[in-house]
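These are the residues of each chain, in order.
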Amino acid sequence: MAVALCLSVVFLATLRWRSTIALVDNVAAVFEEPEWAGNLGTADRVLDYIAANPDDAALVVTTLDDGHDGLRHNDDARMPLASTMTIVHLAAWAQAVESGRIDPSAEIAVERWKAWHLPNTDGGSHDDALEALGIEGATGAATWDGVARAMVRFGDHAAADLIREELGGARLDAAAREGGLPSHDPITSMAGVLLTYRDHDRPGGDSDLVETLLGQPVAARIAMSDRRAEQLVGDPVWAAEE
């Protein structure tokens with residue numbers, strides 16, 4: 001069971017950009033063959049997928065005691081971290097707490113947190129996190145500790161984006177480098193990535209735009225994502241349509 005879980009985490013963490021975009025539409029679309037959808041519950045099935053799609057996955061098998069590598073496949077390939085990127089957010093947040101940059105008991109407005117939430121994109125994790133914290137509606141306050149817990153325990157993308165807004169993307173990128181990801185693309189807004197592909201004005205998605213962005217420098221993709229994120233947070237009327 002533990003092996004299956006670890007392999008599943010590795011698999012989800014190494015989906016390519018096109019697969020990440022496909023995930024917005026339908027989990028089944030992540031896989032080239034429909035037979036894979038919803039059928040990766042065992043280590044053997046994950047390994048079967050990797051064998052059938054060697055260019056779209058990466059895998060490293062190592063022992064924890066001596067660091068001996070048993071297997072490496074695409075270990076140096078640059079791939080999206082998917083939701084596991086919040087480990088980077090958490091590392092940057094912990095550094096900020098240690099340095100005194102953030103007081104974990106300090107309160108922030110729930111309204112500011114909820115501004116980063118995109119409904120129907122997180123499986124209800126944001127709402128579950130607020131409920132667990134005893135927060136009702138869009139008013140009131142939460143602590144930074146509560147935000148960090150919501151991000152890690154519930155996978156709340158809005159919490160991750162809020163932490164990025166507070167610390168700045170450069171601090172997250174530095175944390176990634178310090179954590180052993182020296183060549184990873186800059187960490188961008190999760191909401192911004194989703195909105196780059198699809199919003200209420202483009203409910204069917206914009207695959208042509210994605211293909212265009214894929215051919216542009218990383219900085220252009222990050223800039224587009226940041227612009228969409230700024231629109232979400234800075235234009236309440238537009239955001240209310242999402």
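Calculation rules
- Residues numbered from 1 in each chain as written.
- Predicted model: local features only at pLDDT ≥ 70, side-chain atom pairs only at ≥ 80, totals over all residues.
- Heavy atoms only, no water.
- Patch = residues over 30% accessible without salt bridge, like charges linked within 9 Å, V, L, I, M, F, W, Y side chains within 5 Å.
- Areas by Shrake-Rupley, 256 points an atom, 1.4 Å probe, with all protein chains shown as cover.
- Salt bridge = Lys/Arg side-chain N within 4 Å of Asp/Glu carboxyl O.
- Lys, Arg positive; Asp, Glu negative; His and termini not counted.
- Charge placed at Lys NZ, Arg CZ, Asp CG, Glu CD.
- Helix = DSSP H or I, 4+ residues; strand = E, 2+ residues; numbered from the N terminus.
- Buried < 20%, exposed > 50% of the residue type's maximum accessible area, 1.4 Å probe, protein only.
- Axes fitted to C-alpha atoms, helices over the stretch in contact; angles between N-to-C directions.
- Parallel < 35°, antiparallel > 145°, perpendicular 65-115°, else oblique.
- Contact = heavy atoms within 4.5 Å.
- Nonpolar A, V, L, I, M, F, W, Y, C, P; charged D, E, K, R; others polar.

Colleague: Help me out: how do you make sense of a negative patch on the surface in this one?
Modeller: On the surface, a cluster of negative charge is made up of D127, D128, E131 and E136. Within the element layout of this structure, D128 appears in helix α6 (residues 125–132).

Colleague: Would you mind going over unusual backbone geometry with me for this structure?
Modeller: Not every positive phi belongs to a glycine, and N74 is a case in point at roughly 55°. Tracing the sequence through the fold places N74 in the loop between β2 (69–73) and α4 (86–99). A relative accessible area of 25% places N74 in the partly exposed class. At N120, a position not held by glycine, the phi torsion is positive, near 65°.

Colleague: Any chance you could explain the packing of helix α7 (residues 144–154) against helix α8 (residues 157–167) here in plain terms?
Modeller: Each pair of packed helices can be summarised by the angle the axes make with each other and by the distance between the axes. Packing of α7 against α8 leaves a shortest axis separation of 8 Å and a crossing angle of 130°. The orientation of α7 with respect to α8, classified from their angle, is oblique. Seen from α7, the contacting residues are W144, V147, A148, A150 and M151; seen from α8, they are A159, A160, L162, I163 and E166. Partitioning the contact of α7 with α8 into residue classes produces 9 nonpolar, no polar and 1 charged.

Remember that the coordinates give geometry; whether it matters functionally is a separate question.
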